[in-house]
Each structure stands twice: as structure tokens, then as C-alpha cells.
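Letter by letter, the chains look like this.
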Amino acid sequence: MSRIQESVIVRTVVRIMVPFILLFALYVIMHGAGGPGGGFQGGVIFGAGIILYAMIYGIDAGKKKISDALDRILASTGLTIYAGTGLLCIISGGMLLQYGAVPLLPDNPAEVSKYLIDFVEIGIGITVSAVMISLFFDVSSPESEEAEE
Amino acid sequence: MKTLALFVVILAGAMLIYAGQDLPAFGDINSPAYQHRMTQYFIENSLSESGVPNIVTALLANYRGYDTLGETTVIFTAGMAVILLLRRREK
């Protein structure tokens, strides 16, 4: 454990800030349709929030929140949401990712497109955040091994 | 070796700065990006066609959704490659 990780100030600030960082990440993902933001940016912020927690409270504590298995599942889930939306458009008789073809609101294809864009952004966000977290966990060595060395 | 690397970096940076002089000025109305007819089309039709007020998102997720799907796949593949190469196996 390094000196920064033992600092009460740092631990308290991180404990208070991390929920707000994660909330902000969700806001950025959902805000993508109406202003600056989107799945890539929000996913990176979400991943950074978890990484900040893992940096201060330790890799093992971070892995308790997001385990390796969950991380792998999330990374593929996000891509499946995106590709599945594209497939849904094909099944509905349109082209790949032609959102207007999905018959949710038959008289208003633009409205359907709006919601499906949000849905797709969520998929991007899940994949990007899971990959960010897994990259961090993979290149950092767990504390239990550090103690042995 | 370090001097050579520094020289290469400075040379590449100087080339980029030199090439940057030819870029259109920020917000220049005569730049090709503003003059292209597709720009006019997207400004006029992106809201009614895709339903989102943000033109950037309309382009990213609707007009170029296939491209963004590829980008997401690239990130996913990179993550999986790092997992394959670096993840420590549980003993």
C-alpha cells in the first residue's frame, strides 16, 4: 500500500466523488442525442470512475466491484446490443442500422430512430467502459502478488 | 540513440506544424467542409430524418452507424487481445 492510498483525505474524497463520476458518466451517455456527449465519452468517464476507485482502494477491492468475468460479459454485451439493433433493423425489413424501419411507432420513423440511437449509445458505453476497466486491471499487478515479491 | 529519437520527433513535429499552415482557418466559411453540398443537406434534414437535435450524433449513430459499429468492434477486439495476452490465469 502506498502512502497516497493510506491518506484519509484521498480515501474520503474518492469515496464521495466516485458515485458522482459514475452518475455523470450515465448523464453523458444519455445526453449524446441532445448535445455534446455520447457512448464513447461516457463509457470512458465510467471506466475512469471505477479505475479511480481501484487505484485508491486497491485492485482487489476494485475487482470485487467489477469482476473479470463480469467485465468480459459486459464488453461483449455492449457490442451485442449495437449489432443486435442493426440486425433488428434488417429483420424489420430495412437496411443494417436503418432505425426508421423498426415498427415501434409506425407513423413516426424519426422518433423510433431517436430512441434506438440512445439504445445504441448505451451499448457503446457498456463496451467502452468494460474494455477500459479490463485494460487497467490487466496491466496492473494485484496486491497479493506484489506482497510476495 | 536518444539524440536520434529526439531529432526524429522534432523533425516530425516540424513537418506537422509546416503542414498545419495550409489547413483552413477555424470557422472559415470557404473551407471545403462548409462548402460541400452534404453539409447543407445534413443541417437541413438530420433532425427530421434521425430525430436527434445533435447533428454530430445523428451522423455518428445514424448516417454512419455502420462505421461506428466498426469502431466499437475495434475497441472490443483490442480489449479482448489485451485479455488474451496479459491476463493472469487464476491458479
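Focus: the domain arrangement of chain B
Thought 1: As far as domains go, chain B holds domain 1 (1–27) and domain 2 (36–86).
Thought 2: Here domain 1 of chain B and domain 2 of chain B have C-alpha centroids that lie 30 Å from each other.

Describing helix α2 (residues 8–30) of chain A
Residue and element names in this part refer to chain A.
Thought 1: Between its terminal C-alpha atoms α2 stretches 34 Å, which fits the 33 Å expected from 23 residues at 1.5 Å a residue.
Thought 2: Along α2, the sharpest change in direction is near 30 degrees and occurs at M17; proline P19 comes one to four residues later.
Thought 3: Within α2, the full set of buried residues consists of A25, V28 and I29.

Focus on the packing of helix α3 (residues 37–50) of chain B against helix α4 (residues 55–63) of chain B
Residues and elements named next belong to chain B.
Thought 1: Viewed as axis vectors pointing N to C, α3 and α4 meet at an angle of 65 degrees, and their least axial separation amounts to 10 Å. The crossing of α3 and α4 is left-handed. Of the residues in α4, those touching α3 at F42, I43, S46 and S50 are I55, A58, L59 and N62.
Thought 2: Residues belonging to the contact of α3 with α4 are distributed by class as follows: 5 nonpolar, 3 polar and no charged.

Side note on the interface of chain A and chain B
Thought 1: Across the boundary between the two partners, chain A contributes 28 residues, which contact 24 residues of chain B.
Thought 2: Of all the elements in the fold, those that place two or more residues in the side of chain A that touches chain B are α5 (68–91) and α6 (109–139) of chain A.
Thought 3: Element by element, the count of residues in the side of chain A that touches chain B is highest for α6 of chain A, at 15 residues.

Looking at helix α3 (residues 39–57) of chain A
Residues and elements named next belong to chain A.
Thought 1: Under the 1.5 Å per step criterion, the end-to-end length of α3 is 27 Å for 19 residues, consistent within 8% with the ideal 27 Å.
Thought 2: What α3 keeps buried is the set G39, F40, G42, G43, I45, F46, G47, G49, I50, Y53, A54 and I56.
Thought 3: Residues of α3 that are buried sit in contact with α1 (3–6), α2, α4 (59–65) and α6.
Thought 4: Note on α3: the residue one or two positions beyond its end, G58, has a positive phi of about 100 degrees.

Observations regarding the packing of α2 of chain A against α3 of chain A
Residue and element names in this part refer to chain A.
Thought 1: Orientation of α2 relative to α3, taken along the N-to-C sense of each, is 165 degrees, at an axis distance of 8 Å. One finds that α2 runs roughly antiparallel with respect to α3. Considering the relative orientation of α2 and α3, their crossing is left-handed. Every residue of α3 that contacts α2 at V10, R11, V14, V18, I21, L22, F24, A25, L26, V28 and I29 is listed here: G39, Q41, G42, I45, F46, A48, G49, L52, Y53 and I56.
Thought 2: Looking at the contact of α2 with α3 residue by residue, the class counts come to 16 nonpolar, 4 polar and 1 charged.

Structural notes on the nonpolar core
Buried together is how nonpolar side chains tend to be arranged in soluble globular proteins.
Thought 1: Of all hydrophobic cores here, the largest spans 38 residues; its most connected members are Y99, L116, I117, V120, V128 and V131 of chain A.
Thought 2: Of all the secondary-structure elements, those providing two or more residues to this core are α2, α3, α5 and α6 of chain A together with α4 and α5 (65–86) of chain B.
Thought 3: The element best represented in this core is α6 of chain A, accounting for 13 residues.
Thought 4: Not counting residues within four places of it along the chain, the set of residues in contact with V131 of chain A comprises A75 of chain A together with I75, F76, A78 and G79 of chain B.

Notes on the environment of N54 of chain B
Thought 1: With respect to the helices and strands, N54 of chain B occurs in the loop between α3 and α4.
Thought 2: On the neighbour-count criterion, N54 of chain B (21 C-beta atoms within 10 Å) is buried.
Thought 3: The residues touching N54 of chain B, leaving out its near neighbours within four places in the chain, are A33, G34 and G35 of chain A.

The rules we used
Residues numbered from 1 in each chain as written. Chains lettered and ligands numbered in written order. Predicted model: local features only at pLDDT ≥ 70, side-chain atom pairs only at ≥ 80, totals over all residues. Domains from an automatic or database assignment. Helix = DSSP H or I, 4+ residues; strand = E, 2+ residues; numbered from the N terminus. Expected span 1.5 Å × (residues − 1). Bend = angle between axes of the 7 residues up to and from the residue. Buried ≥ 20, exposed ≤ 12 C-beta atoms within 10 Å, placed from the backbone. Axes fitted to C-alpha atoms, helices over the stretch in contact; angles between N-to-C directions. Left-handed = near helix turned anticlockwise from the far one by under 90°. Contact = placed C-beta atoms within 7 Å. Nonpolar A, V, L, I, M, F, W, Y, C, P; charged D, E, K, R; others polar. Parallel < 35°, antiparallel > 145°, perpendicular 65-115°, else oblique. Core = buried A, V, L, I, M, F, W, Y, C linked by C-beta atoms within 7 Å.

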